[in-house]
Amino acid sequence: MKKIFLLVVLLFTVTISWSQRNQIIAYIDMEYILENVPEYLEAQNTLDAKVAKWRNKLDKQARHIEVLKTDLAGEKAILTKDLIEEKEEEITLKQVELRRLESLYFGPNGDMFLVRKQLVKPIQDQVYNAIQSISKRKKYDFVFDKSSELVMLYSNKKYDISDLVLATIDRTRLKDKKTKLKNEKKVIPKKELTTEQKNVISKKEDAKAKKVAEAEAKKKLIAEKREALLKKREEKRKLLREKKEALRLKKEQAKQDKNNN
């Protein structure tokens, strides 16, 4: 309803202005334009590959959690209370990590949003810059997007400037390429670093190496704690098996003594 109202207001405004002078209107098909920009298709393919990789990782972790839940349900009868709590805590931590990754990848400011902005926005900017350049040169009053939510009940092909936008982008790309090649031919002499600059670089490298070492130490500590936890859990399971076996033997011995009597 809101879109219809905005469309009515726009058409009313255009109608009022029409009495003052002839309006020059054009339209584009954004989907058609982007589909014919190689950089956009390449960026979209890169984004799709990253999304597929993230979803595969999330699905794998979700399946692992379901396996842990199934195993726990089947082992509850023979596990001690402490072991049950440990397994439930492990499952809870993995669920929290799964939700964190989902937000990291697909949240409002997640990796997908940032990658899309990094890859696609520069290409969209090329399109908008081309439209502005054409509109100023040909003095268009309005340029509509045929593929947007604005409903176009009829469109005359002669007012479609989509191919003109593509041609403008191609010319800009060619011009930028020539400028880049020209700049690359210029040999810029490499300046010798001063002692102070070398010291600054050395300090930055040392700080970076320190951070890497601290991260590795933290990972090693986590791995050691996990290994110790697994070892402790295995010892408890072994003790539980021994107790069950001793209980079974005791029952068999009691049954045998009863039969002998």
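Note that residues are indexed from 1 along each chain, following the sequence as it is written. With the structure being a predicted model, the display of local features is reserved for residues of pLDDT at least 70 and the display and counting of side-chain atom pairs for 80 or more, all residues being used for whole-chain, interface and lining totals. Excluding hydrogens and water, the side-chain values take into account all heavy atoms of the structure.

What follows concerns the packing of helix α4 (residues 81-106) against helix α7 (residues 195-260). Contact geometry of α4 with α7 gives a least axis separation of 11 Å together with a crossing angle of 145°. Where α4 crosses over α7, the handedness of that crossing is left-handed. Listed contacts from α7 to D82, L83, E86, K87 and E90 of α4 are R226, L229, R233, K236 and R237. Three residue categories are used. Nonpolar comprises Ala, Val, Leu, Ile, Met, Phe, Trp, Tyr, Cys and Pro, charged comprises Asp, Glu, Lys and Arg, and polar comprises the others, including Gly. By residue class, the composition of the contact of α4 with α7 is two nonpolar, no polar and eight charged. As a rule, the C-alpha atoms of each element are fitted with a line to give its axis, helices using only the stretch in contact, and angles between N-to-C directions run from 0 to 180 degrees. Under the scheme used here, helices are H or I runs from DSSP no shorter than 4 residues and strands are E runs no shorter than 2 residues, and both carry numbers assigned from the N terminus. Here a crossing is called left-handed whenever its near helix is offset anticlockwise from the far helix by less than a right angle, and right-handed whenever the offset is clockwise. The contact criterion used is simple: two residues touch if any of their non-hydrogen atoms lie within 4.5 Å.

Mapped onto the secondary structure, D145 falls in strand β2 (residues 142-145). Polar contacts, as used here, are pairs of N or O atoms within 3.5 Å; protein pairs need one atom able to donate a hydrogen and one able to accept it. Residues neighboring in sequence count only if both atoms are side-chain atoms. For D145, the side chain forms a polar contact with the main-chain nitrogen of M30, separated by 3.2 Å. The contact partners of D145, leaving out residues within four places of it in the chain, are I28, D29 and M30.

One speaks of a salt bridge when a side-chain nitrogen belonging to Lys or Arg is within 4 Å of a carboxyl oxygen belonging to Asp or Glu. Counted according to the given criterion, the structure contains eleven salt bridges. Taking the shortest distance from any N to any O, the salt bridge between R241 and E234 comes out at 3.3 Å. For R241, a relative accessible area of 48% translates into the label partly exposed. Burial classes follow relative accessibility: with a 1.4 Å probe on protein chains only, a residue under 20% of its type's maximum area counts as buried, one over 50% as exposed, and anything between as partly exposed. Since its relative accessible area comes to 40%, E234 is described here as partly exposed.

Another point: the confidence of the model for the chain. If pLDDT is low for a region, its predicted coordinates should not be looked at in detail. On average, residues of the chain carry a pLDDT of 79, and 84% of them reach 70 or more. Per residue, pLDDT measures the predictor's confidence, with a range of 0 to 100. Confidence over residues 1-9 falls short of pLDDT 50; this stretch has three contacts with residues more than four positions distant or in other chains. Contacts from residues 14-20, a stretch scored under 50 in pLDDT, to residues over four places away or in other chains number four contacts.

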